[in-house]
Amino acid sequence: MRIIFFTGKGGVGKSVISSATALRSSELGHETLLISTDPAHTLSDIFGFKISFQETRVKEHFDAIQIDPVYEASKHYSALFEFISEVLKARGVDEVVAYEIANFPGATGAAALLKLVNYVEEGRYDTIILDMVPSGDALRLLYLPYLIGKLSRRFMGIVAPIADISRTVASVAGVPIPSRDVIKTQIKLLNLLEKVHNILIDHDQVSLRLIVNPDLFSIENAKRTFVQASIYDINTDLVIINKVLPNTIKDEYLKNWLELQDNYIKKCEVDFHPLPVRKISFLKSEVKGFNDLSILSRELYDDEDPTTVYFKGEGIKVLNKEKSVEIILPAPLVNKEDLEIERFGDELIIHVETFMGRTTVLLPLPSITYKYSLKSAKLINNRIHIYFEAD
């Protein structure tokens, strides 16, 4: 099975390129599923017919689905969201606001990641393509099970049978206590997130593809996501520059835009090296229907299989030495002066300053480091070397 994520700043063309890739995959005979998390329901506009919240047959070997996070949450995790909202209301938060907060930010991306587990376990598809929300924030959800910890999940399992008794006590104190159903739902959610994490760090199966336009903000946004994904050990195999104006244009009005575009394309190729970078022309009209998507996919992939892994980077390494441990993390596009690392218990907090602002990555430490202290860190050839030693 091959799983490909497409992400980038809003408006760069994620849905169109995801759809074109899925179409090309299906034309090669791969049973393909396209999953969209776009709340604007762009897939229906692209294909010219409704793509629903259930698998919709688009063409031979090609299904698509529009994820509805509200439906997924109410179907599988309603008990948990109800509890969160009850806690917020008990603390004086307005009921409407409490329900909005309970549906945590990134819920659409999270719903797609959780649903991915079901499709992988079913094994019905050869290729799964995800048109993700315009942000790398969904990646952070992958480490929630580690932040809670397996021990906490075991504890919740022990507490579940006596939860109903606790609720009686809590009603006197006025503080909500999770019910047995809430605890079971929470354990289920954490276990699913752990499965998602294990799927996404498989570099042979999963790739992230970054889509940019030839402008500064979309490129810097993609660089930020690339840094996050690399540290989280998710492989990025391709950068796609979309909406490139042809150099044959001689219009004086567009002359400056063309010069800026050429500079940004060169910047993109240098900044993302050694990732392959491909370009797609700014087409004369909106991309709609199978014919337009086929033209776009041919320009992007030519006669290649789009499920090819175009690049495979190095992942996280843990080196156990005598009386010390060294952890090596990929950190592309990072300068020494932009990097800050601290330890908080059994987690490592990495702060990276980027053009788009500070990015914070939280990583669980392997248990081998628990008996050692964080001593130093070095940035060597785009990799962070973190050293732990005995006191």
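Note on numbering: residues in each chain are counted from 1, in written sequence order. Given that this is a predicted model, residues contribute local features only at a pLDDT of at least 70 and side-chain atom pairs are listed and counted only at 80 or more, while totals for whole chains, interfaces and linings are drawn from all residues. Calculation of side-chain values draws on the structure's entire complement of heavy atoms; hydrogens and water are dropped beforehand.

1. Some remarks on the sheet that holds strand 6 (residues 206-212)
Just so we agree on the cut-off: Any two strands with at least two DSSP-identified bridges between them are counted as paired. Put simply, DSSP H or I for four residues or longer makes a helix, DSSP E for two residues or longer makes a strand, and each gets a number counted from the N terminus. For helices, the fitted line uses only the C-alpha atoms of the stretch in contact; every axis is such a line through C-alpha atoms, and the angle between N-to-C directions lies from 0 to 180 degrees. Contacts are assigned to residue pairs that have any heavy atoms within 4.5 Å of one another.
If you trace the eight strands from one edge of the open sheet to the other, you get 3-4-2-5-1-6-7-8, paired in mixed fashion. Each edge of the sheet is formed by a strand with only one pairing partner; in this case those strands are strand 3 (56-59) and strand 8 (277-281). Across the sheet, the mean angle from the axis of one strand to that of its neighbour is 25 degrees, orientation sign disregarded. Looking at chain direction, strand 1 (residues 2-7) and strand 5 (residues 127-131) are connected through five bridges and run parallel. If you follow Phe6 over to strand 5, its bridge partner there is Asp131. Lying on the sheet, helix 1 (residues 14-27) is in contact with strand 1, strand 2 (32-36), strand 3, strand 4 (62-66), strand 5, strand 6, strand 7 (236-244) and strand 8; it crosses strand 5 at an angle near 170 degrees. Here helix 11 (residues 216-231) sits on the sheet in contact with strand 1, strand 6 and strand 7, set at roughly 160 degrees to strand 6.

2. So, the packing of aromatic side chains
Geometry of an aromatic ring pair is reported as the spacing of the ring centres plus the angle between the planes. What counts is decided by this rule: Here a pair means two rings of Phe, Tyr or Trp (six-membered ring of Trp) with centres within 6.5 Å. Their orientation is stacked below 30 degrees between planes, edge-to-face above 60, and tilted elsewhere. Per-residue accessibility, obtained with a 1.4 Å probe over protein chains only, is compared with the maximum for each type, and a residue is labelled buried under 20%, exposed over 50%, and partly exposed between these values.
Taken as a whole, this structure holds five aromatic pairs when the rule is applied. When the ring of Phe47 is compared with that of Phe49, the centres are 6.1 Å apart and the planes differ by 35 degrees; the resulting orientation is tilted. Overall, the relative accessible area of 7% leaves Phe47 in the buried class. Residue classification places Phe49 among the partly exposed residues on the basis of a relative accessible area of 30%. Look at Phe47 and Phe62: their rings are 5.7 Å apart centre to centre, the planes differ by 80 degrees, and that puts the pair in the edge-to-face class. Of this pair, Phe47 sits in helix 2 (residues 42-47) while Phe62 sits in strand 4; the two residues are 15 residues apart in sequence, bridging distant segments of the chain.

3. Comments concerning the packing of helix 11 against helix 12 (residues 255-271)
Operational definition: If an angle is under 35 degrees, it is roughly parallel; if it is over 145, roughly antiparallel; if it lies from 65 to 115, roughly perpendicular; otherwise it is oblique. Amino acid classes used here: Ala, Val, Leu, Ile, Met, Phe, Trp, Tyr, Cys and Pro are nonpolar; Asp, Glu, Lys and Arg are charged; the rest, including Gly, are polar.
Following both chains from N to C, one finds helix 11 and helix 12 inclined at 10 degrees, their axes separated by 11 Å at the closest point. Taken together, the axis directions place helix 11 and helix 12 in an arrangement best described as roughly parallel. Between helix 11, through Leu216, Ile219, Glu220 and Lys223, and helix 12, the contact on the second element is made entirely by Tyr264, Lys267, Cys268 and Asp271. Grouping the amino acids of the contact of helix 11 with helix 12 by side-chain chemistry returns four nonpolar, no polar and four charged.

4. Digging into the environment of Asn382
Within the secondary structure layout, Asn382 lies in the loop between strand 14 (373-380) and strand 15 (383-389). According to the relative accessible area criterion, Asn382 is partly exposed, its value standing at 45%. With 47 residues separating them along the chain, Asn382 and Asn335 place their C-alpha atoms 8.3 Å apart. Sequence-distant contacts of Asn382, defined by excluding residues within four places in its chain, comprise Leu329, Pro330, Ala331, Pro332 and Leu333.

5. Looking at the sheet that holds strand 14
Taken together, four strands build an open sheet; the order of strands is 9-10-15-14 and the sheet is antiparallel. Each edge of the open sheet is held by one strand with a lone partner, namely strand 9 (317-321) and strand 14. For this sheet the average axis-to-axis angle between neighbouring strands, irrespective of direction, equals 20 degrees. In the sheet, strand 14 pairs with strand 15 via seven bridges, with the strands oriented antiparallel. Paired with Ala377 across the two strands is Ile386, which belongs to strand 15.

6. Here we look at helix 13 (residues 289-301)
Our working definition: For a helix, the expected span equals 1.5 Å multiplied by the number of residues minus one. As used here, the arc belongs to the directions running from the helix axis to the C-beta atoms.
If you check helix 13, its first and last C-alpha atoms are 18 Å apart, about what 13 residues at 1.5 Å a residue would give, namely 18 Å. All of the buried residues along helix 13 are Gly289, Leu293, Leu296, Ser297, Leu300 and Tyr301. End-on view of helix 13: buried residues confined to an arc of 110 degrees, all on one side of the axis. As for helix 13, its buried residues are in contact with strand 1, helix 1, helix 2, strand 6, strand 7 and strand 8. Once helix 13 finishes, Asp302 follows within two positions and takes phi at roughly 55 degrees, a positive value.

7. Considering the confidence of the model for the protein chain
Put simply, the rule reads: By definition, pLDDT measures how confident the predictor is in each residue, and it falls between 0 and 100.
The pLDDT averaged across the protein chain works out to 81; a share of 75% of its residues lies at or above 70. Of all the helices and strands in the protein chain, helix 9 (residues 163-173) carries the lowest mean pLDDT, 47, while helix 1 carries the highest, 97. Long-range and interchain partners of residues 148-153, a stretch whose pLDDT sits below 50, account for nine contacts in this model, where long-range means more than four residues apart. Counted against residues more than four places away or in other chains, residues 165-173, with its pLDDT under 50, gives six contacts.

8. Here we look at a nonpolar patch on the surface
Using the following cut-off: Patches draw on residues past 30% relative accessible area with no salt bridge. Two like charges within 9 Å are joined, as are two nonpolar side chains (Val, Leu, Ile, Met, Phe, Trp, Tyr) within 5 Å. Accessibility throughout is a Shrake-Rupley quantity obtained with a 1.4 Å probe, and a residue counts as covered only by protein chains that appear here. Salt bridges are identified by distance alone: a Lys or Arg side-chain nitrogen within 4 Å of an Asp or Glu carboxyl oxygen.
On the surface, a cluster of nonpolar side chains totalling about 390 Å² of accessible area is made up of Tyr253, Trp257 and Leu260. By the secondary structure assignment, Tyr253 is in the loop between strand 7 and helix 12. Tyr253 gets classed as exposed once you look at its relative accessible area, which sits at 68%.

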